[in-house]
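# A closer look at the structure
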Amino acid sequence: VSETPHPSNPDVARMEYKLYRKKPDGSLELDPSGNPVLSTGKAKLKTVIKDLGTNSGKWEKTATEAADNAIKAKALPTGGGLFNASSADGTALTLAYRPPKIDTFFPNF
């Protein structure tokens, strides 16, 4: 439905999308002109890092810097959970701490 680039990093985008409606037999529902019909209701959101596969080292560095900054600021949740932190270049991330490691991150919009 739409794609919104991150304000400070063009490699990150928020995508708003809808799936096609399906009939009970699993085939796509088509309109009278033969085009697939989009589902009704609220669109789904997904954040995509476009260069993650080809430039994973950059994102590993960004996430590590953000995690290090949170540790220095004593901002890690003691029992685990989500927390926000920023890397040296100002990229704001939400990270997931599952003791004993931080295993997930995603950019904040």
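Keep in mind it's a predicted model, so treat the numbers as computed, not measured. (Residues numbered from 1 in each chain as written. Predicted model: local features only at pLDDT ≥ 70, side-chain atom pairs only at ≥ 80, totals over all residues. Heavy atoms only, no water.)

### Overview of the nonpolar core
Note that soluble globular proteins tend to have their nonpolar side chains buried in a common cluster. Of all hydrophobic cores here, the largest spans 9 residues; its members are A63, A66, A67, A70, F83, A85, L93, L95 and Y97. Per-element tally for this core: the top contributor is helix α1 (residues 56-72), with 4 residues. Non-local contacts of A85, meaning those with residues more than four positions away in its chain, are made with A66, A70, T91, A92, L93 and L95. (Core = buried A, V, L, I, M, F, W, Y, C linked by side-chain atoms within 4.5 Å. Buried < 20%, exposed > 50% of the residue type's maximum accessible area, 1.4 Å probe, protein only. Helix = DSSP H or I, 4+ residues; strand = E, 2+ residues; numbered from the N terminus. Contact = heavy atoms within 4.5 Å.)

### Here we look at a nonpolar patch on the surface
There is a patch of nonpolar side chains on the surface, built from V1, Y20, L28, L30 and L38 and spanning about 490 Å² of accessible area. Counting through the fold element by element, L28 comes out in the loop between β2 (12-17) and β3 (44-49). Since its relative accessible area comes to 36%, L28 is described here as partly exposed. (Patch = residues over 30% accessible without salt bridge, like charges linked within 9 Å, V, L, I, M, F, W, Y side chains within 5 Å. Areas by Shrake-Rupley, 256 points an atom, 1.4 Å probe, with all protein chains shown as cover. Salt bridge = Lys/Arg side-chain N within 4 Å of Asp/Glu carboxyl O.)

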